[in-house]
Amino acid sequence: MADANKRNIPIKLGDFSVIDTEFSSIRERFDAEMRKMEEEMAKFRHELMNRESNFFESTSTRTLC
């Protein structure tokens, strides 16, 4: 009786895995987010350096005058 209800279902096997695809997608998003953070940190560092140099220029000219 069990053999009568058995059906063969064709399955197509591929070279990719859903887990691999999702992991790759997560990695790409993570890399993009890290690049954005590095750009923001470089921008912040640049602005901070400019402020410090302007601060020290203004204090040194005040002491000289």
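**Considerations on the overall build of the chain**
In step 1: Of the regular secondary structure elements, the chain holds one helix and zero strands.
In step 2: Scored against the burial criterion, the 65 residues of the chain give a buried share of 0%.
In step 3: Split by element, the accessible area of the chain, about 7,000 Å² in all, is 59% carbon and sulfur.

**Focus: the packing of aromatic side chains**
In step 1: With the rule as written, the count across this model stands at one aromatic pair.
In step 2: Judged by centre distance (5.3 Å) and plane angle (70°), the rings of Phe55 and Phe56 are edge-to-face.

**Brief notes about the pattern of salt bridges**
In step 1: Taken as a whole and judged by the stated rule, the model has one salt bridge.
In step 2: Between Glu33 and Lys36 there is a salt bridge, with the nearest N and O atoms lying 3.7 Å from each other. Highlighted residues: Glu33 and Lys36, both in helix α1 (residues 18-64), separated by three residues, approximately one helical turn.
In step 3: On the basis of relative accessible area, Lys36 is assigned to the partly exposed category, the value being 49%.

**A look at the UniProt feature "coiled-coil region" (unreviewed entry) in the chain**
In step 1: Here, the residues flagged by UniProt with the feature "coiled-coil region" (unreviewed entry) are residues 27-54.
In step 2: Secondary structure across residues 27-54 comprises 100% helix and 0% strand; the distance between its end C-alpha atoms is 40 Å.

Scoring rules and cut-offs
All residue numbers here refer to positions counted from 1 along the written sequence of the relevant chain. Two thresholds apply to this predicted model, a pLDDT of at least 70 for residue-level local features and 80 or more for giving and counting side-chain atom pairs, whereas whole-chain, interface and lining totals are computed over all residues. Side-chain metrics rest on all non-hydrogen atoms present in the structure, leaving aside hydrogens and water. Only DSSP runs of H or I covering at least 4 residues are called helices, and only runs of E covering at least 2 are called strands; the numbering of each starts at the N terminus. Accessible area is worked out with a 1.4 Å probe on protein chains only. A residue is then buried under 20% of its type maximum, exposed over 50%, and partly exposed in between. For the area figures, the Shrake-Rupley method with a 1.4 Å probe applies, and any residue is considered shielded solely by the protein chains shown. Between the rings of Phe, Tyr and Trp (Trp by its six-membered ring), a pair exists once the centres lie within 6.5 Å; its type follows the angle of the planes, with under 30 degrees stacked, over 60 edge-to-face, and the other angles tilted. Note on definitions: salt bridges are taken to be side-chain nitrogens of Lys or Arg within 4 Å of carboxyl oxygens of Asp or Glu. UniProt positions are given in the numbering used here, feature names are shortened, and annotations may be inferred rather than shown by experiment.

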